[in-house]
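# Tertiary structure, described
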Amino acid sequence: MGDLILVRHGETEWSRSGQHTSWTDLPLTERGEEQAKSLAPLLSGRPYSLALTSPLGRAVRTAALAGVPGAVPEPDLHEWDYGAYEGVTTVDIHRTRPDWDLWTHGAPPGPEGHPGESPDEVGRRADRVLARVDAALARDDGDVVLVAHGHFLRVLTARRLGLPPAEGRLFQLATGTLSRLSTEHGRPVIAEWNARAPQGR
């Protein structure tokens, strides 16, 4: 059976500044583009039974620059809906809500169409993606690669490992990195995390 490959998109202005970014579709920075290109050696030469990307431009662009073949947009790979906290840093949120934690409290409602999400709501989306992943891996004809966003992929990792969605808090995930979830003795495990291509490649 193949592995599940997770790719977090490259850097944007808001990922660099720490602003929560869900539906605001910022482009990659120059550094973000370089991060995405640098992943190509880590992804080349692997057969894929399924390649999915978030529909947001920063993930689609990362998939293209990293050489992910035939990546199909999947709405459930969208980043956590941050509601009223879109574009706001945790530091600024703590000025009025010092005890707020995304993994405990979720995000409050924002503008129309952006109600915010709880960890469990994001977890349900992750479970739907994992059902597609499992069906593809069952064909045993290659890995599955997902190109998406930091908080969403952390929730998905927790769910893959049999943990509650909020335990995604345990898995810090940097921009422009590759992580790999595999199995050992039939159980899901983290085989690689926050990998980057060696310098000079």
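Description of the structure in this document. The model shown is predicted, which means the values in this text are computed figures rather than measured ones.

### So, the sheet that holds strand β4 (residues 143–148)
The strand order across the open sheet formed by 6 strands is β3-β2-β4-β1-β5-β6, and the pairing between neighbours is mixed. Edge positions in the sheet fall to β3 (72–73) and β6 (187–195), since each of these pairs with one other strand and no more. Direction of pairing for strand β5 (residues 178–184) relative to β6: antiparallel, over a ladder of 6 bridges. Paired with Glu-184 across the bridge in β6 is Arg-187. Across the sheet, helix α8 (residues 150–160) touches β1 (4–8), β4, β5 and β6, and the angle it forms with β1 is around 160°.

### Things to note about the packing of aromatic side chains
This model, assessed by the stated rule, comprises 3 aromatic pairs. With 5.4 Å between their ring centres and 85° between their planes, Trp-80 and Trp-103 make a pair best called edge-to-face. You can see Trp-80 sitting in the loop between β3 and α5 (90–96) and its partner Trp-103 sitting in helix α6 (residues 102–105), a full 23 residues away along the chain. Per residue, the accessibility class of Trp-80 equals that of Trp-103, and both read buried. Seen from their ring centres, Tyr-85 and Trp-100 are 5.1 Å apart, and the 80° between their planes marks the pair as edge-to-face. Here the residue Tyr-85 occupies a position in the loop between β3 and α5, and Trp-100 occupies one in the loop between α5 and α6, the gap between them amounting to 15 residues. When its relative accessible area of 5% is taken as the criterion, Trp-100 is described as buried.

### What to know about the nonpolar core
Within the largest apolar cluster, 29 residues are counted, with the highest numbers of intra-cluster contacts made by Leu-4, Trp-80, Val-144, Leu-146, Phe-152 and Leu-156. Breaking this core down by element, the ones donating at least two residues are β1, β2 (48–53), α6, α7 (119–138), β4 and α8. The element best represented in this core is α7, accounting for 7 residues. Excluding its chain neighbours within four sequence positions, the residues that come into contact with Trp-80 are Ser-22, Leu-102, Trp-103, Gly-106, Ala-107, Glu-117, Ser-118, Pro-119, Val-122, Arg-125, His-151 and Val-155. Ranked by size, the runner-up nonpolar core spans 13 residues in total, among them Ile-5, Val-7, Ala-51 and Val-145.

Rules of the game
- Residues numbered from 1 in each chain as written.
- Predicted model: local features only at pLDDT ≥ 70, side-chain atom pairs only at ≥ 80, totals over all residues.
- Heavy atoms only, no water.
- Pairing = 2+ DSSP bridges.
- Helix = DSSP H or I, 4+ residues; strand = E, 2+ residues; numbered from the N terminus.
- Contact = heavy atoms within 4.5 Å.
- Axes fitted to C-alpha atoms, helices over the stretch in contact; angles between N-to-C directions.
- Phe/Tyr/Trp six-rings, centres within 6.5 Å; stacked < 30°, edge-to-face > 60°.
- Buried < 20%, exposed > 50% of the residue type's maximum accessible area, 1.4 Å probe, protein only.
- Core = buried A, V, L, I, M, F, W, Y, C linked by side-chain atoms within 4.5 Å.

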